[in-house]
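# Summary of structural features
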Amino acid sequence: NTVTGIVTAPTEEGTLVSWSDMTIQGDGSLTVTGAINTMDLTLESGTVSVTGGRAYGGDAVQVQGDLTVQGGSLTAVPALGDLISGDAYYGIACTGGFALNGGAVRVVMPEGHMDGTLARAIRCNDTLSVLGGELEAYEEIGAGAITLGSGMTAVGGYSDQDAMPLTAPSLIHI
């Protein structure tokens, strides 16, 4: 099992932090409590489970670029949002795009979640592209655009006219 990139010890940015691109591959499993925070992130194989913590910004997987899943499985659980400050936390948050080409991604809500607790599934500023694999997300998905491969369908959805995000249960199966 390998994690490549310049990986640091826990900081306020996360439990597993890389100030360059990170690639995760292997036959084993990786469990992170706090957050993964990196530039581009590629998951090639293995089983990754991440639970966000408020001390690390609340998002479980924080990507300051593009997230690509080629294989393996990723489960992300955001921290409960902060109703007082209005901070919403995401299972997956990326400033670039999110490409799911294989494998499985599951975003579940934290224990104690209910409507109004400001926990969300996925936010990416660019395109969410699902060309293979399986995406399962319970709660809101927001992206600059959503692209599905041939023959794929989404349960839930939005249109630019209503500006309504994909909402629970948002389930995309390939």
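Chains are numbered independently. Their residues run from 1 in the order of the written sequence. A pLDDT threshold of at least 70 governs which residues receive local features in this predicted model, and a stricter bar of 80 or more applies before side-chain atom pairs are shown or counted, although totals over entire chains, interfaces and linings include all residues. With hydrogens and water stripped out, all remaining heavy atoms of the structure feed into the side-chain values.

## Focus: the nonpolar core
For the purposes of this section, nonpolar cores are sets of buried Ala, Val, Leu, Ile, Met, Phe, Trp, Tyr and Cys residues that join through side-chain atoms within 4.5 Å. Partly exposed residues are those whose accessible area sits between 20% and 50% of the maximum for their type, while under 20% is buried and over 50% is exposed, using a 1.4 Å probe and protein chains only. Counting residues in hydrophobic clusters, the biggest one holds 34 residues, and the most contacted among them are Val61, Ile92, Phe98, Val105, Val107 and Ile122. Helical segments are the DSSP runs of H or I of at least four residues, strand segments are the runs of E of at least two, and each set is numbered from the N terminus. Per-element tally for this core: the top contributor is strand 15 (residues 119–130), with six residues. Contacts are assigned to residue pairs that have any heavy atoms within 4.5 Å of one another. In this view, Val61 contacts Ile36, Leu41, Val50, Leu74, Ala76, Gly91, Ile92 and Ala93; residues no more than four positions away in its chain are not counted.

## Things to note about empty space enclosed by the protein
Cavities and pockets were defined on a 1 Å grid built over protein atoms only: a cavity is a set of grid points that admits a 1.4 Å probe from which the probe cannot escape, a pocket is an open set flanked by protein on both sides within 12 Å along at least five of seven lines, and lining residues are those with an atom within 4 Å of any such point. Grid points are joined across faces, edges and corners, and a volume is the space filled by probe spheres set on the points. Within the structure shown, the criterion is met by one cavity of 30 Å³ or more. Around the largest cavity, the lining residues are Ile24, Leu41, Leu43, Val48 and Leu74. Classifying every residue of the lining of the largest cavity gives five nonpolar, no polar and no charged. Three residue categories are used. Nonpolar comprises Ala, Val, Leu, Ile, Met, Phe, Trp, Tyr, Cys and Pro, charged comprises Asp, Glu, Lys and Arg, and polar comprises the others, including Gly.

## Considerations on the environment of Glu134
Within the secondary structure, Glu134 is located in strand 16 (residues 134–137). Since its relative accessible area comes to 30%, Glu134 is described here as partly exposed. When the C-alpha positions of Glu134 and Val105 are compared, they lie 6.2 Å apart, and in sequence the two are 29 residues distant.

## What about the state of the cysteines?
Cysteine sulfur pairs qualify as disulfides if the two atoms are within 2.5 Å. Scanning the model with the defined rule gives zero disulfides in all. A disulfide-free cysteine, Cys124 has its sulfur positioned 4.3 Å from the sulfur of Cys94, the nearest such atom.

## Topic: the environment of Leu16
Positionally, Leu16 belongs in strand 3 (residues 16–18). In the structure, Leu16 is positioned 20 residues away from Ile36 in sequence and 4.8 Å away in space, judged by C-alpha atoms.

## With respect to the pairing of strand 8 (residues 47–52)
Of the two faces of strand 8, the one holding Val48, Val50 and Gly52 is buried and the one holding Thr47, Ser49 and Thr51 is not buried anywhere. Should DSSP find at least two bridges between two strands, the strands are taken to pair. With six bridges joining them, strand 5 (residues 29–34) and strand 8 adopt parallel strand pairing. By the bridge assignment, Leu30 is partnered in strand 8 with Val48. Judged from the five bridges that link them, strand 8 and strand 11 (residues 73–77) form a sheet pairing that is parallel. Bridge pairing in strand 11 places Thr51 opposite Val77.

## A word on the pattern of salt bridges
Opposite charge on two side chains allows them to pair when their charged atoms are near. Whenever Lys or Arg places a side-chain nitrogen within 4 Å of a carboxyl oxygen from Asp or Glu, that contact is recorded as a salt bridge. Scanning the entire structure with this criterion turns up two salt bridges. Across the pair Arg106 and Glu136 runs a salt bridge, and its minimum N-O distance is 3.7 Å. Of this pair, Arg106 sits in strand 14 (residues 104–107) while Glu136 sits in strand 16, and the two are 30 residues apart along the sequence. The closest approach of N and O atoms between Arg120 and Glu140, which form a salt bridge, is 3.7 Å. With a gap of 20 residues between them, Arg120 in strand 15 and Glu140 in the loop between strand 16 and strand 17 (141–148) connect regions that are remote in the sequence. By relative accessible area, Glu140 is classed as partly exposed at 23%.

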